[in-house]
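# Structure at a glance
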Amino acid sequence: MSTENREACSPPSGRAAMEKELPKQFQDYRNVWVFIELEHGQVHPVSIELLGEGRKLADKLGVHLAGVVIGPPGGQGTANAIADAFAYGADLSYLVESPLLAHYRNEPFTKALTDLVLANKPEILLLGATTLGRDLAGSVATTLKTGLTADCTELNVDSDGSLAATRPTFGGSLLCTIYTLKCRPQMATVRPSVMAMPQRVNNPTGSIIRHELKMREEEIATKVLAFFSDGDSNTANLAYADVVVAGGLGLGAVQNLQLLKDLARTIGGDFGCSRPLVQKGWMPVDRQIGQTGNTIRPKLYIAAGISGAVQHRVGVEGADLIVAINTDPNAPIFDFAHLGVVADAISFLPALTEVFTKRLERRNFEKFAQ
Ligand SMILES: Cc1cc2nc3c(=O)[nH]c(=O)nc-3n(C[C@H](O)[C@H](O)[C@H](O)COP(=O)(O)OP(=O)(O)OC[C@H]3O[C@@H](n4cnc5c(N)ncnc54)[C@H](O)[C@@H]3O)c2cc1C
């Protein structure tokens, strides 16, 4: 945000003193928009989660919810994105199609989205806090000179209709609610899995509004020459895993991570860790769970040798069942775990793996014998 605009957007000190003098040029901004992100032609689940939140905000404000789809012409991805937008609550969709939008590039996507905003004036614009979403949200907000609240954990509408965007602050020990008082749209990003998946709507319908991208290839500095996979078939997708087994400093040594991996593989789950293990270089950052890592919502979360610091807790609270293994009966993780095991993880993890292995073998044998 520019200095000039930061001053314009900053609230005066004290909530009571926050006069909502929305400048005239923004007073006709209406409706809630969700940017529908396509990842290799597939709709990113965070966009669906945001449609659920966007629907709630739009209903509170009594306005429309729109999905914004940007991509190449006639692509299956854009068609699926529009279908999903309606299926998860959008009343209308904006569609910008151009061969220049075949792959994500900051300049044409920023141009497409900012032009759409200037032409149609939404009051709220939500994006997923993915690599793409963070890049796009930042440049759209700076181009439009409006406020952007990143990594929100709660979105609400204030009594006067302003977006109340809540996010952790001071290392996760406090939550702050941020308002964009004098600029529009009010922009926010939310990380994958932070919000719940909404229900599909029965017989969804809606109108599609097309918008032309007014840009030429010569105006774009970035060229996509080829895509190379990072070659790591072990890349984590913890945010959407049903079962996650994670370890912390209590595991004591890097070789003990194998105990986590063995259990995770046996029960069909993925594995992760607390932040210090990433800082030690024991695990890559995409396996970190918590405030500055992944937020997870698995059906089962097993935490071994993790104390349960608040920064870790905020990333796992959405799990259906939390099982904690810790030698210290007073460890904070026992305050929010559903099941607690006071034990040495180094011996308990392999014992658990063995029990599950035997159970699976018995089940397979019974199936075979039938
Ligand atoms: C700005 C900021 C952001 C942060 N973001 C994150 C984040 O995203 N994710 C995150 O995890 N942390 C994050 N942290 C760090 C966080 O504050 C904690 O320091 C961290 O979560 C602690 O990791 P831990 O539980 O593995 O280690 P510790 O707190 O040292 O806990 C180790 C636990 O293991 C237990 N233990 C020891 N031996 C055994 C054994 N043999 N068997 C079983 N249990 C044993 C101990 O009783 C203890 O409870 C952040 C901190 C800051 C300041």
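Rules behind the numbers
Residues numbered from 1 in each chain as written. Predicted model: local features only at pLDDT ≥ 70, side-chain atom pairs only at ≥ 80, totals over all residues. Heavy atoms only, no water. Near = heavy atom within 4 Å. Polar contact = N/O pair within 3.5 Å; in protein donor to acceptor, adjacent residues only side chain to side chain. Areas by Shrake-Rupley, 256 points an atom, 1.4 Å probe, with all protein chains shown as cover. Helix = DSSP H or I, 4+ residues; strand = E, 2+ residues; numbered from the N terminus. Nonpolar A, V, L, I, M, F, W, Y, C, P; charged D, E, K, R; others polar. Buried < 20%, exposed > 50% of the residue type's maximum accessible area, 1.4 Å probe, protein only. Contact = heavy atoms within 4.5 Å. Pairing = 2+ DSSP bridges. Axes fitted to C-alpha atoms, helices over the stretch in contact; angles between N-to-C directions. Domains from an automatic or database assignment. Buried area = accessible area lost by both parts, 1.4 Å probe. Salt bridge = Lys/Arg side-chain N within 4 Å of Asp/Glu carboxyl O. Parallel < 35°, antiparallel > 145°, perpendicular 65-115°, else oblique. Left-handed = near helix turned anticlockwise from the far one by under 90°. Phe/Tyr/Trp six-rings, centres within 6.5 Å; stacked < 30°, edge-to-face > 60°.

### Regarding the site of the ligand
The local shell around the ligand holds 26 residues, among which Ser274, Thr292, Ser307, Gln311 and Asn326 are the closest. Ser307 places a polar side-chain atom, nitrogen or oxygen, 2.7 Å from an oxygen atom of the ligand. A total of 990 Å² of accessible area belongs to the ligand in isolation, and the protein chains cover 73% of it. If you list the elements that add at least two residues to the shell around the ligand, you get helix 7 (275–279), helix 8 (310–316) and strand 16 (321–326). Within the shell around the ligand, the residues separate by chemical class into eight nonpolar, 15 polar and three charged.

### Here we look at helix 6 (residues 257–266)
All buried positions along helix 6 are accounted for by Leu257, Leu259, Leu260, Leu263, Ala264 and Thr266. On its buried face, helix 6 is in contact with strand 13 (243–247), strand 14 (270–273), helix 7, strand 15 (300–304) and helix 9 (345–369). The positive-phi residue at the C-terminal boundary of helix 6 is Gly268, with phi of around 70°.

### Considerations on the sheet that holds strand 8 (residues 154–157)
On the basis of which strands lie adjacent, the open sheet formed by three strands has the order 8-9-10 and antiparallel pairing. A single partner strand is all that each edge strand has here, and the edge strands are strand 8 and strand 10 (174–178). For this sheet the average axis-to-axis angle between neighbouring strands, irrespective of direction, equals 25°. Judged from the four bridges that link them, strand 8 and strand 9 (residues 163–169) form a sheet pairing that is antiparallel. When the bridges of strand 9 are listed, Leu155 appears paired with Ala165. Sheet contacts for helix 2 (residues 45–61): strand 8 and strand 9; angle to strand 8, the most-contacted strand, approximately 15°.

### Digging into the pairing of strand 16
Of all six residues that make up strand 16, five are buried, and the element is covered over most of its length. Where strand 15 meets strand 16, five bridges bridge the pair, whose relative direction is parallel. Within strand 16, the position partnered with Leu300 by the bridge is Leu321. Where strand 16 meets strand 17 (residues 339–342), four bridges bridge the pair, whose relative direction is parallel. When the sheet's bridge partners are listed, Asn326 is paired in strand 17 with Val342.

### Regarding the sheet that holds strand 14
Taken in spatial order, the five strands of this open sheet run 14-13-15-16-17, and their pairing is parallel. Strands at the two margins of the open sheet, each flanked by one partner only, are strand 14 and strand 17. Averaged over all adjacent pairs, the angle separating strand axes in this sheet is 15°, with direction ignored. Alignment of strand 13 against strand 14, held across four bridges, turns out to be parallel.

### Observations regarding the domain arrangement of the protein
Taken domain by domain, the protein holds domain 1 (3–219) and domain 2 (238–369). Counting residues at the interface gives 13 residues for domain 1, matched by eleven residues for domain 2. Overall, the association of domain 1 and domain 2 removes approximately 910 Å² of surface from exposure, summing both partners, and the carbon and sulfur fraction of that is 42%. The interface formed by domain 1 and domain 2 includes zero salt bridges. When the residues that make up the side of domain 1 that touches domain 2 are grouped by side-chain class, the tally is seven nonpolar, four polar and two charged.

### So, the packing of helix 4 (residues 106–120) against helix 5 (residues 131–144)
Packed helices, taken two at a time, are described by their axes: the angle between them and the distance between them. Here helix 4 crosses helix 5 at 50°, and the two axes come no closer than 9 Å. Taken together, the axis directions place helix 4 and helix 5 in an arrangement best described as oblique. Seen from above, helix 4 lies across helix 5 with right-handed handedness. Mapping the contact onto sequence places Asn106, Phe109, Thr110, Leu113, Thr114, Val117 and Leu118 in helix 4 and Asp135, Leu136, Ser139, Val140, Thr143 and Leu144 in helix 5. Here the residues of the contact of helix 4 with helix 5 sort into seven nonpolar, five polar and one charged.

### Side note on the packing of aromatic side chains
Note on aromatic pairs: each is described by the distance of the centres and the angle between the planes. Per the counting criterion, the structure on display carries three aromatic pairs. With 5.5 Å between their ring centres and 75° between their planes, Phe26 and Tyr29 make a pair best called edge-to-face. Just as Phe26 is buried, Tyr29 falls in that class too. The interplanar angle of 65° and the centroid separation of 4.9 Å between the aromatic rings of Tyr104 and Phe109 together place this pair among those described as edge-to-face. For Phe109, a relative accessible area of 5% translates into the label buried.

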